[in-house]
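Structural characterization, general
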Amino acid sequence: MSFKGKDIISINELSKAEIIHILEVAKSLESRPKPNLLNGKVLAALFFEPSTRTRLSFESAMSKLGGKVVGFADPSVSSVKKGETLSDTIKIVERYADVIVMRHPLEGSARVASDVSDVPVINAGDGANQHPTQTLLDLYTIKKIQGHISNLNIAMVGDLKYGRTTHSLAMALSHFNCRLFFISPEQLRMPSYILEELDKKNVEYSEHTQIEEVIKNADILYSTRIQKERFPDLAEYEKVRNVYIITKDMLKSVKSNLKILHPLPRVNEISTDVDSTKYAYYFEQAANGIPIRQALLSLVLGKLK
Amino acid sequence: MKQLKVSAIREGTVIDHIPSDVTFKVVEILKLNSVKEIISVAANLDSKKIGKKGIIKIGGKFLGEEEVNKIALVAPAATLSIIKDFKVVEKNKLTIPKTIEGFVKCFNPNCITNHEEIKTKFHVANQKPLKIRCHYCERAMASNDIVLK
């Protein structure tokens, strides 16, 4: 299995064996840090859309391995503002860096970048499409807290229509024989193309409108923000923005191993009184982004196998 | 019953077994309004295979690969015959190529191909019923979502 030079664009392109390998490399880097592994390597962090957490997480991962970071966090300072195409931007940046990490609001942008780039491209989110490193850190988190990924009851709640993290997580979990529960308002249901893929892979799932219907069965409750920026119609956003709020009261008869995850930032989907319970794990989840991104950078740069 | 006589063509192409409702879509794809030779278009003909069918005869025209691929997308069950000296010299069923490049628009408004000058590309995920997946944004489109460029 070789990752050297590989683009990480879509979770759908990673096999079960590749996913497990990335998680193992992350675990090894977390327990035995390698501060000089990427000495002399340069990461270009191209953030055409703001995402402070993901950007800082990549920058931190690169720095902890001895590499350097160049890039921008605001497209208004790049030549894109002058009308440059994404392909041209990438063709220039690949001459300055050994690996490119890109966040872009348009779906398919990461694929465009990987098609024109000779250095590996890691997708840090392309619109509502993919965010594979988030999914890998979610899987890493689940494995860490439950001891394994297989045969778990995993509930996803919130914006399942536009929320790419749940799309990718559902697809990734299809390798692991988990039972999935999708909780959303009618207008934000999991898209049919995802459900069709799950059907093809014989994944057991059900759709719900109330958290209470499934919370007692869940090993993982994956909450997502209803993202205003993804709604074409703001009136639709107003109708659903506060539909799901997880409170401490709702956790009275849940399984003792339940953990609540959230890709963050949260607005009000999880009440702050949940933070102090043993079920809250979202802040630790965010920290798991570092070893996962360290693993990916080391693997695609060929420094680890 | 009085039969409508459609003249045979000396040289050209006959597209048969077109689903009736897309007959004029095929006319549009082939830009037949600019062809100067004989063109016969018939629709709503009885067909044992597909119920109602359309048939198009085009004198003096042989189709290019892109034209054939476009027709295959809207009328995958159609047959294509090459006529030379009033005889069928070649008869082919249409096949949808594994990759469709350049002539289908992605239906996802947020796909980068609808914002930058990028040649669209789709992979055929399923032949029957037809489902194609955008190479870039990964969205799957069914035949009724397909808009030709």
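The residue numbers shown here count from 1 along each chain, following its written sequence. Ligands are numbered from 1 and chains lettered from A, in the order in which they are written. Given that the model is predicted, a residue must reach a pLDDT of at least 70 before its local features are reported, and side-chain atom pairs must reach 80 or more before they are shown or counted; all residues, however, enter totals for whole chains, interfaces and linings. Think of the side-chain values as coming from all heavy atoms in the structure, minus any hydrogens and water.

1. Topic: the interface of chain A and chain B
Note the cut-off: The criterion used for residue contact is that any of the two residues' heavy atoms lie within 4.5 Å. Using a 1.4 Å probe, buried area is obtained as the accessible area two parts lose upon being combined, added over both of them. Each salt bridge in this description consists of a side-chain nitrogen of Lys or Arg and a carboxyl oxygen of Asp or Glu lying within 4 Å of one another. Residues adjacent in sequence count toward polar contacts only when both atoms are side-chain atoms; beyond that, a polar contact is any pair of N or O atoms within 3.5 Å, and within protein one must be able to donate a hydrogen and the other to accept it.
Taken together, the contact pairs 19 residues of chain A with 14 residues of chain B. Here chain A and chain B share an interface that buries about 1,400 Å² over both sides, 43% of which is from carbon and sulfur atoms. The three residues of chain A that bury the most area against chain B are A:L106, A:E107 and A:Y193, which together make up 39% of that side's buried surface. At the junction of chain A and chain B, the tally comes to four salt bridges. The shortest N-O distance in the salt bridge between B:R139 and A:E107 comes to 3.2 Å. The tally of links between chain A and chain B comes to 13 residue pairs in polar contact (both at pLDDT 80 or more).

2. Section: the layout of surface pockets
Residues and elements named next belong to chain A. Rule in force here: Residues are said to line a cavity or pocket when one of their atoms sits within 4 Å of a point; the points come from a 1 Å grid over protein atoms alone, cavities being sets where a 1.4 Å probe fits but cannot get out and pockets being open sets with protein on both sides within 12 Å along at least five of seven lines. Grid points are joined across faces, edges and corners, and a volume is the space filled by probe spheres set on the points. Numbering of helices and strands runs from the N terminus, with a helix taken as a DSSP run of H or I at least four residues long and a strand as a DSSP run of E at least two residues long.
Roughly 550 Å³ of internal volume is contained in the largest pocket. The wall of the largest pocket is formed by 28 residues, among which S51, R103, P263, L264 and P265 lie closest to the centre. Among the secondary structure elements, those contributing two or more residues to the lining of the largest pocket are α2 (52-64), α5 (132-146), α6 (164-173) and α9 (282-287).

3. Section: the packing of aromatic side chains
All names here are of chain A. Operational definition: Here is the rule: rings of Phe, Tyr and Trp (six-membered ring for Trp) pair when centre to centre is within 6.5 Å. Planes less than 30 degrees apart are stacked, more than 60 are edge-to-face, and the remainder are tilted. Using a 1.4 Å probe on the protein chains alone, a residue whose accessible area is under 20% of its type maximum counts as buried, one over 50% counts as exposed, and one in between counts as partly exposed.
According to the stated counting rule, one finds three aromatic pairs over all chains in the structure shown. Measuring from ring centre to ring centre gives 5.2 Å for F48 and F72, while their planes differ by 85°; the resulting arrangement is edge-to-face. Here F48, found in the loop between β1 (42-47) and α2, pairs with F72, found in strand β2 (residues 68-72); they are 24 residues apart in sequence, far enough to count as distant. Per residue, the accessibility class of F48 equals that of F72, and both read buried. Residues F182 and Y205 carry aromatic rings whose centres are separated by 5.8 Å and whose planes lie at 40° to one another, so their mutual orientation is tilted. Residue F182 is found in strand β6 (residues 179-183), and its partner Y205 is found in strand β7 (residues 205-208); the two are separated by 23 residues along the sequence. Look at F182 and you get buried, because its relative accessible area is 1%.

4. Digging into the packing of α5(A) against α6(A)
Residues and elements named next belong to chain A. To keep it simple, the criterion reads: In this description, a line fitted to the C-alpha atoms serves as the axis of each element, helices being fitted only across the stretch in contact, and the angle between N-to-C directions of two axes falls anywhere from 0 to 180 degrees. Any angle from 65 to 115 degrees is called roughly perpendicular, while one under 35 is roughly parallel, one over 145 is roughly antiparallel, and all others are oblique. Take the far helix as your reference; a near helix turned counterclockwise from it by less than a right angle gives a left-handed crossing, and one turned clockwise gives a right-handed crossing.
One way to put it is that α5 packs onto α6 with a least axis distance of 9 Å and a crossing angle of 55°. Viewed along their axes, α5 and α6 adopt a mutual orientation that is oblique. At the point where α5 passes α6, the crossing takes the right-handed sense. Across from Q134, T135, D138, L139 and I142 in α5, the residues of α6 making contact are T165, S168, L169, A172 and L173.

5. Here we look at empty space enclosed by the protein
Residue and element names in this part refer to chain A. Definition in use: Lys, Arg, Asp and Glu make up the charged group, whereas Ala, Val, Leu, Ile, Met, Phe, Trp, Tyr, Cys and Pro make up the nonpolar group; the residues left over, Gly among them, are polar.
Considering all chains together, one arrives at one cavity of 30 Å³ or more under this definition. Within this model, the largest cavity holds a volume of roughly 60 Å³. Taken together, V157, G158, S223, T224, I226, R241, N242, Y244, I245, N268 and E269 form the lining of the largest cavity. When its residues are assigned to classes, the lining of the largest cavity shows four nonpolar, five polar and two charged.

6. A closer look at a positive patch on the surface
Cut-off, in case you're wondering: Within the patch definition used here, like charges are joined within 9 Å and nonpolar side chains (Val, Leu, Ile, Met, Phe, Trp, Tyr) within 5 Å, considering only residues with over 30% relative accessible area and no salt bridge. The Shrake-Rupley method, run with a 1.4 Å probe sphere, supplies the accessible areas, and residue values consider only the shown protein chains as cover. Under this rule, positive means Lys or Arg and negative means Asp or Glu; His and the chain ends count for nothing. Think of each charge as sitting on NZ of Lys, CZ of Arg, CG of Asp or CD of Glu.
A surface patch of positive charge is lined by B:K49, B:K91, B:K93 and B:K128. Along the chain, B:K128 turns up in the loop between β8 (121-126) and β9 (131-134).

7. Section: the sheet that holds strand β5 (residues 87-93) of chain B
All names here are of chain B. Here is the rule we go by: Any two strands with at least two DSSP-identified bridges between them are counted as paired.
Taken together, the five strands give an open sheet; going across it, the order is β2-β3-β1-β4-β5, and neighbouring strands pair in antiparallel fashion. In this open sheet, the two edge strands, each paired with only one partner strand, are β2 (39-47) and β5. Neighbour to neighbour, the strand axes of the sheet diverge by 20° on average, direction disregarded. Where strand β4 (residues 79-84) meets β5, six bridges bridge the pair, whose relative direction is antiparallel. Across the sheet, the residue bridging to I82 is E90, located in β5.

8. Focus: the pattern of salt bridges
With the rule as written, the count across this model stands at 24 salt bridges over all chains. Between A:K255 and A:D219 there is a salt bridge, and its shortest N-O distance comes to 2.8 Å. One end of the pair, A:K255, is in the loop between α8 (234-240) and β9 (259-261); the other, A:D219, is in the loop between β7 and β8 (220-223), with 36 residues separating them in the sequence. Residue classification places A:K255 among the partly exposed positions, given a relative accessible area of 32%. Of the charged contacts in the structure, one is a salt bridge between B:E67 and B:K61, with a shortest N-O distance of 3.0 Å. Ionic contacts of the salt-bridge type, sharing partners, join the residues A:E13, A:R111 and B:E138 into one network.

9. Some words on the packing of α2(A) against helix α10 (residues 289-300) of chain A
Residue and element names in this part refer to chain A. Look at α2 against α10: their axes get within 8 Å of each other, and the N-to-C directions meet at 60°. Relative to α10, the element α2 is oriented oblique. Crossing of α2 over α10 shows right-handed handedness. Contacts between α2 and α10 involve T54, S57, F58, S60, A61, M62 and K64 from the first element and G289, I290, R293, Q294 and L297 from the second.

10. Re the state of the cysteines
Think of a disulfide as a covalent bridge from one cysteine sulfur atom to another cysteine sulfur atom. Residues and elements named next belong to chain B. For clarity, the threshold we go by: Throughout, a disulfide means two cysteine sulfur atoms within 2.5 Å of one another.
Within this structure, the stated rule accounts for zero disulfides over all chains. In this model C106 remains outside any disulfide bridge; the closest cysteine sulfur is found in C137, 3.7 Å from its own. Relative accessible area serves as the criterion here: at 2%, C106 is assigned to the buried category.

11. Quick word on the pairing of β2(B)
Residues and elements named next belong to chain B. Sheet analysis places β2 next to strand β3 (residues 51-59), joined by seven bridges and oriented antiparallel. Bridging across to β3, L45 finds its partner in K53. The hairpin formed by β2 and β3 contains three residues between the paired strands.

12. A look at unusual backbone geometry
Look at the link from A:L264 to A:P265: it is a cis peptide, with omega at 0°. Tracing the chain through its elements places A:P265 in the loop between β9 and α9. Here the bond from B:K128 into B:P129 is cis, since omega is -5°, no more than 30 degrees from zero. With respect to the element layout, B:P129 can be found in the loop between β8 and β9. If you check the backbone angles, A:N151 has positive phi at about 60° while not being a glycine. Following the sequence through the fold, A:N151 ends up in the loop between α5 and β5 (153-157). Taking the relative accessible area as the measure of exposure, A:N151 reaches 54% and is therefore exposed. Positive phi, normally seen in glycine, also occurs at B:F86, with a value near 65°. Looking at B:F86, the relative accessible area reads 46%, which means it is partly exposed.

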